[in-house]
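Next come the chains, spelled out residue by residue.
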Amino acid sequence: KGMRDTHVLQMLRGIAWPEIKAFSPDIIFISMGLDGLQNDPTDSGIKLSPSFFPKVVSEVMKMCPRIVCTLQGGYQPDMVTEVSETVVRVMSAGGCEGGLGTTGTTGTTGT
């Protein structure tokens, strides 16, 4: 039970992304609610994988390349570290998920 990546991505793509595109912002702030990660002890009812957050950042950067990400919640230090590092890699690659160059639970590979 609980909302997973596909459910949240479907909502973002169906509701938020069209509005963001229509507004055409100069900058977007993303509050990454890491307490939504699967197995978080807060049991928020949201069960997102570590790959969800870089995916969202990548999609947002295609609409607006100037973003600021903040960390919110998240009580699994190893998972928070993994997500944070991967998001920084996506941002450094200009939103390109293919440029992650990491391995692990995100399912990406590279150098």
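Participant: Quick one: what's the story with helix α3 (residues 77–92), residue by residue and with numbers?
Facilitator: Every α-helix carries 3.6 residues per turn, so stepping three or four residues along brings you back to the same face. Between its terminal C-alpha atoms α3 stretches 22 Å, which fits the 22 Å expected from 16 residues at 1.5 Å a residue. The complete set of buried residues in α3 reads Met79, Val80, Glu82, Val83, Ser84, Thr86, Val87 and Val90. Lining the buried residues of α3 we find β1 (28–33), α2 (52–63) and β2 (67–72). At the C-terminal side of α3, Gly94 shows a positive phi close to 70 degrees.

Participant: Describe the packing of aromatic side chains, with residues and values.
Facilitator: Aromatic ring pairs are defined here through the distance separating the ring centres and the angle between the ring planes. Summed over all chains, the structure comprises 1 aromatic pair. With a centroid separation of 5.2 Å and an interplanar angle of 85 degrees, the aromatic rings of Phe52 and Phe53 are classed as edge-to-face.

Participant: Would you mind going over the nonpolar core in detail, with residue names and values included?
Facilitator: Membership of the largest hydrophobic core comes to 24 residues, with the highest contact counts inside it found for Phe53, Val57 and Val60. Broken down by secondary-structure element, the contributors of at least two residues to this core are α1 (5–23), β1, α2 and α3. Of the residues forming this core, the biggest block, 7 residues, is contributed by α2. Apart from the residues lying within four places of it in its own chain, the contact partners of Phe53 are Met32, Gly33, Leu34, Leu37, Leu48, Val83 and Val87.

Cut-offs applied
Residues numbered from 1 in each chain as written. Predicted model: local features only at pLDDT ≥ 70, side-chain atom pairs only at ≥ 80, totals over all residues. Heavy atoms only, no water. Helix = DSSP H or I, 4+ residues; strand = E, 2+ residues; numbered from the N terminus. Expected span 1.5 Å × (residues − 1). Buried < 20%, exposed > 50% of the residue type's maximum accessible area, 1.4 Å probe, protein only. Contact = heavy atoms within 4.5 Å. Phe/Tyr/Trp six-rings, centres within 6.5 Å; stacked < 30°, edge-to-face > 60°. Core = buried A, V, L, I, M, F, W, Y, C linked by side-chain atoms within 4.5 Å.

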